[in-house]
Amino acid sequence: MSYHWDFTIGKRETLDFYLSLVLRRWRGGIAGFGAVGALASLLYSIQAGVSLPAQVGLAAVGAAVFALLVTLWLVLSTHLKVKEQLRRSGRESYIQEIEISGFGIRVTVGKDKARLAFENLAQVRETGKAFYLFLSGAHAWILPKAQMEDPEEESAQLRKLFTTVLERKKLHLKR
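Residues numbered from 1 in each chain as written. Predicted model: local features only at pLDDT ≥ 70, side-chain atom pairs only at ≥ 80, totals over all residues. Heavy atoms only, no water.

**Points about helix α3 (residues 151–165)**
One full turn of an α-helix is made of 3.6 residues, so residues set three or four places apart face in the same direction.
Alright, step 1. Compared with an ideal rise of 1.5 Å per residue, which puts 15 residues at 21 Å, α3 spans 21 Å between its outermost C-alpha atoms and is within 8% of the ideal.
Alright, step 2. The set of residues buried in α3 consists of Glu154, Ser155, Leu158, Leu161 and Phe162. One face of α3 carries all of its buried residues, which in axial projection span an arc of 125 degrees. Summarising the geometry of α3, the exposed residues directed more than 90 degrees from the buried face are Glu152, Lys160 and Thr164.
Alright, step 3. Looking at the buried residues of α3, the elements they touch are β1 (3–9), β2 (94–101), β5 (123–126), β6 (130–134), β7 (140–144) and β8 (171–172). (Helix = DSSP H or I, 4+ residues; strand = E, 2+ residues; numbered from the N terminus. Expected span 1.5 Å × (residues − 1). Buried < 20%, exposed > 50% of the residue type's maximum accessible area, 1.4 Å probe, protein only. Arc of directions from axis to C-beta. Contact = heavy atoms within 4.5 Å.)

Shown next, in the form of structure tokens:
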């Protein structure tokens with residue numbers, strides 16, 4: 001079984017990747033800021049003498065607003081960082097040729113070539129938009145589903161392959 005693709009990795013794919021990293025890393029912080037928003041709203045509503053049902057409602061709204069504001073800040077700052085990174089690199093996109101076979105993964109980007117055995121992958125994470133083949137905690141090869149000929153079928157084949165060749169603890173796949 002062998003799969004071969006040529007993916008164009010541009011601003012959208014890079015941004016999606018970094019957003020997934022940042023939001024995953026910050027999910028506890030977002031929840032914490034939501035709790036602070038709930039507590040602040042609750043304390044304000046108690047001091048204002050609002051009824052108990054209204055206090056609960058205001059606490060929920062406060063939690064949602066604070067969590068949303070932090071999430072928006074993370075998305076905006078990540079977007080600006082990716083934009084700056086792409087500007088400094090001097091290229092908006094690149095072609096990533098990837099071949100996955102029973103022997104491992106081979107990737108070519110321009111003149112750079114890499115080969116990796118499956119056991120050396122840190123993890124494989126699937127989102128709604130892509131598969132990320134992590135080399136380390138913050139470096140991954142991106143397989144955008146939108147660029148696959150038949151995303152559903154090819155995603156199912158990749159899930160089957162990765163389930164066969166990787167330890168379960170390294171897999172974070174959609175079911």
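Moving on from the model shown.
**What about the sheet that holds strand β4 (residues 112–116)?**
Alright, step 1. The antiparallel open sheet is built from four strands, whose spatial order is β1-β2-β3-β4. Looking along the sheet, the strands with just one partner apiece sit at the ends: β1 and β4. Taking each pair of neighbouring strands and ignoring which way they run, the sheet shows an average axis angle of 15 degrees.
Alright, step 2. Here β2 runs beside strand β3 (residues 104–109); their pairing, made up of six bridges, is antiparallel. Note on β3: the bridge partner recorded for glutamate 99 is arginine 106.
Alright, step 3. Contacting β1 and β2, α3 crosses the sheet at an angle of about 115 degrees to β1. (Pairing = 2+ DSSP bridges. Axes fitted to C-alpha atoms, helices over the stretch in contact; angles between N-to-C directions.)

**Some points on a negative patch on the surface**
Alright, step 1. Together, Glu149, Asp150, Glu152 and Glu153 make up a region of like negative charge exposed at the surface.
Alright, step 2. Mapping glutamate 152 onto the fold places it in helix α3.
Alright, step 3. On the basis of relative accessibility, which here comes to 72%, the residue glutamate 152 falls in the exposed class. (Patch = residues over 30% accessible without salt bridge, like charges linked within 9 Å, V, L, I, M, F, W, Y side chains within 5 Å. Areas by Shrake-Rupley, 256 points an atom, 1.4 Å probe, with all protein chains shown as cover. Salt bridge = Lys/Arg side-chain N within 4 Å of Asp/Glu carboxyl O. Lys, Arg positive; Asp, Glu negative; His and termini not counted. Charge placed at Lys NZ, Arg CZ, Asp CG, Glu CD.)

**Section: the packing of aromatic side chains**
Each aromatic ring pair is specified by the distance between its two centres and by the angle formed by the two planes.
Alright, step 1. Scanning the model with the defined rule gives eight aromatic pairs in all.
Alright, step 2. Measuring from centroid to centroid gives 6.4 Å for phenylalanine 131 and phenylalanine 162, while their planes differ by 50 degrees, and the two rings are tilted. One end of the pair, phenylalanine 131, is in strand β6; the other, phenylalanine 162, is in helix α3, and 31 residues separate them in sequence. Note on accessibility: phenylalanine 131 and phenylalanine 162 belong to one class, buried.
Alright, step 3. Ring centres of tyrosine 132 and phenylalanine 134 lie 6.4 Å apart, and the angle between their planes is 65 degrees; on these two criteria the pair is classed as edge-to-face.
Alright, step 4. Grouping aromatic residues by their ring pairs yields a cluster made of Phe17, Tyr18, Tyr132 and Phe134.
Alright, step 5. Here lysine 145 stacks its cationic end above the ring of phenylalanine 131, 5.3 Å away from the centre of that ring. (Phe/Tyr/Trp six-rings, centres within 6.5 Å; stacked < 30°, edge-to-face > 60°. Lys NZ or Arg CZ within 6 Å of the ring centre and 35° of its normal.)

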